[in-house]
Amino acid sequence: TLIIKLATLPLTKSQLESTTKMQTLQPAIKEVQAKYQSNPEVMNQKIAEIYQTNEVNPLAGCIPSIVQIPVFIGLYRAVLNLAKADALDEPFLWLPNLEGPTYGADPTTGSDWLFKNW
């Protein structure tokens, strides 16, 4: 997952930048909503003007998330296929197995599954 997070880092960065810009514009948008509450058409036009003058796209925070969804679905399916093939008990990199710790074991030795072969 670390490699996938690094691959999607530019998308996450743009998403966070867009969210920050939207948060800075919230007081102005709330003011317009309060002022033009009785006329939604004018209110939407004024809000669109605020977005255009500040060069903010309201959908820029959502689009990177939508692009990342297939990547994480693919990762989930890969792990699911490993589980179906009963391959989670094989070692991977420094992990003795991918199943993780045995629940119900002694809490003082809870990390033994990870470090016992070092």
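As the structure is a prediction and not an experimental result, all values here were calculated from the model. The residue numbering used here restarts from 1 in each chain and proceeds along that chain's sequence as written. Totals for whole chains, interfaces and linings use every residue, but because this is a predicted model, local features are given only for residues with pLDDT of at least 70 and side-chain atom pairs only at 80 or more, for both listing and counting. Heavy atoms from the whole structure form the basis of all side-chain values; hydrogens and water molecules are not counted.

**With respect to the overall build of the chain**
A tally of helices and strands in the chain yields five helices and zero strands. Split into buried and exposed, the 118 residues of the chain put 19% on the buried side. In this analysis, two residues are considered to be in contact whenever any of their non-hydrogen atoms come within 4.5 Å of each other. Contacts spanning at least 24 positions in sequence make up 44% of the contacts within the chain whose residues lie at least 6 apart. Of the roughly 9300 Å² that the chain leaves accessible, carbon and sulfur atoms contribute 62%. Numbering of helices and strands starts at the N terminus; helices are DSSP runs of H or I of at least 4 residues and strands are runs of E of at least 2. Type-normalised accessible area, obtained with a 1.4 Å probe on protein chains alone, sets the label of each residue: buried when under 20%, exposed when over 50%, and partly exposed for intermediate values. The accessible surface values rely on the Shrake-Rupley method and a 1.4 Å probe; as for residues, cover is taken only from the protein chains in view.

**Remarks on the side chain of glutamine 15**
Tracing the backbone through its elements, the reader meets glutamine 15 in helix α2 (residues 9-35). Judged by its relative accessible area of 18%, glutamine 15 is buried. With residues up to four places along the chain from it excluded, the contact list for glutamine 15 reads Ala60, Gly61, Pro64, Ser65 and Gln68.

**Quick look at unusual backbone geometry**
You will see that glutamate 55, though not glycine, has its phi angle at about 55°, which is positive. Assignment of secondary structure puts glutamate 55 in the loop between α3 (40-53) and α4 (63-84). Take glutamate 55: its relative accessible area is 69%, and that puts it in the exposed class.

**Here's the deal with the packing of α2 against α3**
Each axis is a line fitted through C-alpha atoms, taken for helices only over the stretch in contact, and angles between the N-to-C directions span 0 to 180 degrees. In the contact formed by α2 and α3, the axes pass within 10 Å of each other and the chain directions differ by 155°. Classified by the angle between their axes, α2 and α3 sit roughly antiparallel to one another. The handedness of the crossing between α2 and α3 comes out as right-handed. Counted together, Met22, Leu25, Ala28, Ile29, Val32 and Gln33 of α2 and Met43, Lys46, Ile47, Ile50 and Tyr51 of α3 form the full contact between these two elements. Each residue receives one of three labels: charged for Asp, Glu, Lys and Arg, nonpolar for Ala, Val, Leu, Ile, Met, Phe, Trp, Tyr, Cys and Pro, and polar for the others, Gly being one of them. Of the residues in the contact of α2 with α3, the class split is nine nonpolar, one polar and one charged. For classification, angles of less than 35 degrees are called roughly parallel, those exceeding 145 degrees roughly antiparallel, those between 65 and 115 degrees roughly perpendicular, and all remaining angles oblique. Two helices crossing with the near one rotated counterclockwise from the far one by less than a right angle form a left-handed crossing, whereas a clockwise rotation gives a right-handed crossing.

**Some remarks on the confidence of the model for the chain**
Overall, the predicted model of the chain reaches an average pLDDT of 79, with 77% of residues at or above 70. Model confidence for the chain, summarised as mean pLDDT per element, is weakest for helix α5 (residues 112-115) at 64 and strongest for α3 at 91. One confidence number per residue, pLDDT, is output by the predictor and ranges from 0 to 100.

**A word on a nonpolar patch on the surface**
In this scheme, patches are assembled from residues that exceed 30% relative accessible area and form no salt bridge. Like charges are connected within 9 Å, while nonpolar side chains (Val, Leu, Ile, Met, Phe, Trp, Tyr) are connected within 5 Å. We count a salt bridge whenever a side-chain nitrogen from Lys or Arg sits within 4 Å of a carboxyl oxygen from Asp or Glu. On the surface, a cluster of nonpolar side chains totalling about 340 Å² of accessible area is made up of Leu2, Leu6 and Leu9. Residue position: leucine 2 is located in helix α1 (residues 2-7).

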